[in-house]
Structure formats: structure tokens, C-alpha cells
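# Architecture at a glance
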Amino acid sequence: MKKITDTLSWTRIDNCLLLIIMTIFLIFRLVNLNEWLLPNVDEIALINNLDLPIFSGGYGSTTFFPAVQLTKIFRLLNSFGNYRYFGVLINSIGLVFFYISLRLFAGPAAAFISSIVYSSHWYLLYINRIYEIATFIPFFFAVVLCFFSIWRITGKSVWIYLSVFVAGVAADCYAPPMIYAIASLLFLLIFKAKEYKLSLANLFLIIIILIITLIPFFIVQIFIGNFVRDVFSNYKLSGHDSLDVIPFNLFHSNVFLKTFTDLMTCICPDWVGWRFLVAPCLIILLIQLITIIHHRQTISEGCLFALWTYITLFMILISPIAAYIQGHFATFLILFIFLSGILTDKITGYKKIIPLSGLLFMMIFSAIWLPRIFENQYNEISWLGAYFSEQDTQSTFVSDGAFLSLSKTPFLDKSKVRQFLCDSKDNIRRAMDELSCNKPALVVATYECAVADNIKDCMVISEEMRLSNLMESHLDHGIVFYFIRPSQKPDRGQQ
């Protein structure tokens, strides 16, 4: 059995390269971090579930474990924005694991290039700049990848046990992407056991470890949550009927392809031209796969990671859960970047451009998205402080969802707002009936709250201000500020 030090020839060059990568990683994630986007529903849910028992189910039938448990360690953080800094810290550690994993199979140059892509890819940037359960997936999977890589180098079974243990715990945190990666890895270990020198005892112990680590997830799904309901609700989130056919992504490939294209390029939920980018994304995958097959004798361990990468993508494709958010592809994305780094190192000559082109393709589109980190939604609503100071009565109506989001900012004066529920048209209509026909008012609500359809005839919406705080392919969440005035009187601009 080899020692790690026999293969991982760490040098001063590695120290310098890792320092450069870490600097880029942190700059991209720390710029305007705590005032970037208003908190979204998943961020609020994570913070609001800190006092729940581990096996409570929390928000949406997930255990929220270990995300909640890790967050509890830093409960002394005095503002919501500071939790985002904790997420960046955790993922910066994950970057180190990712780089070490690549160095076990590739030289410093290839590891540097792939790690730069890992640090600058738009989705990994986005998910690190907010703080929710999915924030932990890149960290956990980088650890899984590192332990798995060490096992391949040393042959010591303890490392594969650690790898599947961390993978199982991560699945308790946020199931879909880790489940896909675990399922494809387990498939490989079972059907390639002889080639990977795994005994039946090894496989049995691996399966037992996975079952034990997934117990929190099973407890919640069987006794507290509703797994079938949650799976089928995802059909609705992607705009299809909940009784649709399974597997969803095969029969509604537009959802799968759009989310995949957004992941490989950049977020474009309202751009109909996304279809023009589908072909280049698929061609990159196909050409890389052909290259792997052609060079399978020279890339050695690259074949294993190629199988893991493409089987994970296949698992997503045949899943009964609609691939309506890029997060479902998160483990595939990390594997693809990792695999491209190995190929870049192992393939010689001009054909090296094939894996490099895939990395370059993602870097170009991520660079297009990068200016978005300079947005400041807190600055856009800073006028709220002065607005509330001028209000003598409660003339501001805030929906329950918007209230939760705004309560994490310093601008909401809770004593001067009226909360209302958006769970039914009747509740929305009752709230709007309280508006005075003689005074202007401000109504703040989430996107799905049908305020505009329920205001009284004596009122008109003079202006709308929309702030999106969720960047997912088929989910458009955010807050709308409705400036409402009496319809009988002209607004000040017309007087």
C-alpha cells in the first residue's frame, strides 16, 4: 500500500498556488456579502430552525442536520449577514480538500486551473454567498472526494469508510445532490469491487455505514415528513402537474436541459435564448466522454472518476424529482471540474485542449455573471428607514413571507407595519380591504402573493419595486414593494 506522501509531492509551488486560489476564492465571496441579496426563504428557515430538535423535520421534511448543528456552534453571531461569512469559511476549507484531491492525481498546473474554475464558477459562488442548507454541499462533497481519492492512492479501507460516512451525513443535510452522488458511487463500488480490490466484507461495511448515517433522514421521512409528497411537490415547482409520469426528467427534458444549461453557463431564467446554449453544453460533455474512452489506457484513475461523474448525471436524469434547481447538479458539477483537471494533466499534445475548453467555457460565462456580486439590495431598500420615521399610523402592510425576510435587515420598524397572511385569496383580500381610499399606502409582499389582483377599486398601484433574492432556474422568489395611492387623486407628478 502506498503512502499519501509517496504520491502527493507537496512543494513551495503548491503553497503559492493554493494561496493565490484562496485569495481569489475569498475575494469573489466576500465582496458586499452581508448586504448582497435579501434573505431568501431557505436562509430564514435554517436560522429559524436552530431551536428545533435534531429529528424534528424542520422546514420541508428534511432533518436540517448537520447544517443546523454546525450553525448552532456559531450562534453568537449577532446578525444574519454574519452567518454568510461562516458559510464562506466552511467552503474555504472545502477548497483546500478539493485542491489536495486533485494533486493526488494531477500536477500543480492542472490542479491550479481546476481550482480556479471551482473558485470562480457562478453557481458555486452563488451558493457560497447565501447561507442555507445547500451552502454546505460543496464543503461536504469536497471532503468526500478527498477521502475517496486518498483511498484510491493508499488502498487503506478506513478512507473509503470515512468517505461514505461524510457523504451519508451530508445527505441528511440536503438530500438530492448527495443522494445522486452516493447512489452512483455505490453502484461503482458494487459492480467494480474486484477491480477496486474491495472484499464482500468491505462492501457490507460500506452499506452499513451509509444506512447508519442516513438514519436521521429515514426517521424524518417515515415518522415526521412525507417523502412522496415532497417528491411530487417538485413537479409543481417546475410548472407541471403533480400526478405526472415518473421519471420526470426523461419525459419533460426541457426542465432538465434548461437547469443543466443554466448551471454550465449562467443564470438566465427569463431569457428564451437559453435553447441556443443547450447544444454547446451537450457537445462539451460528449466530446469529453469520447476523449476519455479514447485515452482510457493512459488516464488510469481518470476512468473511475469519469464513470462517477457521468453516472451521477444519469442518476439526475432518471430521478423522479424534477431537476428544477441547479443545486441538484452540484455534485456532478464538482466531479466534472475535478475530472477535467485530471484529464488536463494526463492527456498530452493538442488533445489537452478538450478538457481545457470545458473549463474555459464555464469560466467565460461565470465572468459574465461575476458583476452581480456588486449588487446591494440592502442599499436599494435603505429608504425604508426614513419612510417609517415619517409614518404616524400603520399604513404599511407586509405579508408574512416578506416580514420574515425584512426582519433580518435593519430597516423594518415592526411597530409601524401590519402583517397579513398570503396563504389564501380571502386573507389577501381582507388585508387589502383595510387600505384607506383617502391615503397612500405601501404594501410589501412576496412574488407569489397576489396583491395586485386584490386591491380595492378606489386604489391604484402607482409604482412597483421588485427584488429577486433566489437565483434558481425554475423558481422566481423575491419581494415586491407596491406603492399604492387613491385612484381619485392624481399623484404628485401630475399635480
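Structure report, in brief. Just so it is clear, the model here is predicted, and its values are computed rather than measured.

The next thing to look at is the side chain of R103. Within the secondary structure layout, R103 lies in helix α5 (residues 80–103). A polar side-chain atom of R103 sits 2.6 Å from a polar atom in the side chain of D14. Ignoring any residue separated from it by four or fewer positions in sequence, one finds R103 in contact with L8, S9, W10, D14, P108 and A111.

With that settled, consider the state of the cysteines. Applying the stated criterion across every chain, the model contains two disulfides. Between C422 and C449 runs a disulfide, and the two sulfur atoms are separated by 1.9 Å. The chirality of the disulfide connecting C422 with C449 is left-handed, given an S-S dihedral of about -70°. Highlighted residues: C422 in the loop between β2 (417–420) and α23 (425–433) and C449 in the loop between β3 (441–446) and β4 (459–468), separated in sequence by 27 residues. For C422, a relative accessible area of 22% gives the class partly exposed. Residue C437 pairs covalently with C458 via a disulfide, S to S 1.8 Å. Residues C437 and C458 are joined by a disulfide whose S-S torsion is about -60°; by sign, that bridge is left-handed.

Along the chain, Q326 turns up in the loop between α17 (302–317) and α18 (330–346). Within polar-contact distance, the side chain of Q326 engages the side chain of S473 at 2.9 Å.

What follows is about the nonpolar core. In terms of nonpolar packing, the biggest core is built from 148 residues, with Y126, L189, W308, L406 and F481 touching the most fellow members. Ranked by residues supplied to this core, first place goes to helix α8 (residues 137–154) with 14 residues. Judged by nonpolar contacts, the second largest core, of 18 residues, contains M432, Y447, I455 and Y482.

The next subject is the packing of aromatic side chains. All told, the structure shown has 35 aromatic pairs when counted by the stated rule. Plain terms: the ring middles of W383 and Y387 are 6.1 Å apart, the flat faces sit at 90° to each other, and that makes the pair edge-to-face. One end of the pair is W383 and the other is Y387, both in helix α21 (residues 383–389) and four residues apart, which spans about a single turn. Of the residues examined, Y387 reaches a relative accessible area of 17% and is grouped as buried. The structure contains a cluster of three or more aromatic residues connected by ring pairs, namely F98, F105, Y118, F141, F148, W151, F305, W308 and F338. Cation over ring: R152 sits above W151, and NZ or CZ is 4.9 Å from the ring centre.

Within the secondary structure, V117 sits in helix α6 (residues 108–120). Separated by 92 residues in the primary sequence, V117 and F25 place their C-alpha atoms 9.8 Å from one another. Here V117 is in contact with I337, L359, M362 and M363, once residues within four sequence places are set aside.

To continue, consider helix α19 (residues 353–369). In a regular helix each residue adds 1.5 Å, so 17 residues correspond to 24 Å; α19 covers 24 Å between its end C-alpha atoms and thus fits that length. Those residues of α19 not exposed but buried are P355, G358, L359, F361, M362, F365, S366 and W369. End-on, the buried residues of α19 take up no more than an arc of 145°, which puts them together on one face. Residues of α19 that are exposed and angled more than 90 degrees away from the buried face: I353 and I368. For α19, the secondary structure elements touched by its buried residues are α6, α7 (122–129), α15 (253–264), α16 (275–294) and α18.

Closest axis-to-axis distance for the α8/helix α9 (residues 157–173) pair is 7 Å, and the angle between their directions is 165°. In terms of axis orientation, α8 runs roughly antiparallel to α9. Two packed elements cross with a definite hand, and for α8 against α9 that hand is left-handed. On α9, the residues that touch I137, F140, V143, V144, F147, F148, I150, W151 and T154 of α8 are S157, W159, I160, L162, S163, V166, A167 and A170. Of the residues assigned to the contact of α8 with α9, the class counts are 14 nonpolar, three polar and no charged.

Parameters at a glance
Each residue is numbered by its place in its chain's sequence as written, counting from 1. Residues qualify for local features only when their pLDDT is at least 70, as the model is predicted, and side-chain atom pairs are given and counted only at 80 or more; totals for whole chains, interfaces and linings, by contrast, use all residues. Computation of side-chain values: all heavy atoms of the structure, hydrogens and water removed. Secondary structure elements follow DSSP: runs of H or I no shorter than four residues count as helices, runs of E no shorter than two count as strands, and numbering proceeds from the N terminus. Nitrogen and oxygen atoms within 3.5 Å of one another constitute a polar contact, given that in protein one can donate a hydrogen and the other can accept it, and given that sequence-neighbouring residues count only through two side-chain atoms. Contacts are residue-level and defined by heavy atoms, with any inter-residue pair within 4.5 Å sufficient. Cysteine sulfur pairs qualify as disulfides if the two atoms are within 2.5 Å. Residue burial is assigned from relative accessible area. The probe radius is 1.4 Å, only protein chains are included, and a residue is buried under 20% of its type maximum, exposed over 50%, and partly exposed in between. As used in this record, nonpolar core signifies buried Ala, Val, Leu, Ile, Met, Phe, Trp, Tyr and Cys residues forming a set joined through side-chain atoms within 4.5 Å. Two rings from Phe, Tyr or Trp (for Trp, the six-membered ring) form a pair when their centres sit within 6.5 Å of each other. Planes less than 30 degrees apart are called stacked, planes more than 60 degrees apart edge-to-face, and all others tilted. Counted as over-ring charges are cases with an Arg CZ or a Lys NZ within 6 Å of the ring centre that also lie within 35 degrees of the ring normal. Helix span is expected to be 1.5 Å times the residue number reduced by one. Along the arc lie the directions from the helix axis toward the C-beta atoms. Angles shown run from 0 to 180 degrees and are taken between the N-to-C directions of axes, each axis being a line fitted to C-alpha atoms and, for helices, limited to the stretch in contact. Roughly parallel refers to an angle under 35 degrees, roughly antiparallel to one over 145, roughly perpendicular to one between 65 and 115, and oblique to any angle outside these ranges. Crossing chirality is assigned from the near helix's rotation relative to the far helix, an anticlockwise turn below a right angle marking it left-handed and a clockwise turn marking it right-handed. Each residue is assigned to one of three groups, with Ala, Val, Leu, Ile, Met, Phe, Trp, Tyr, Cys and Pro labelled nonpolar, Asp, Glu, Lys and Arg labelled charged, and all others, Gly among them, labelled polar.

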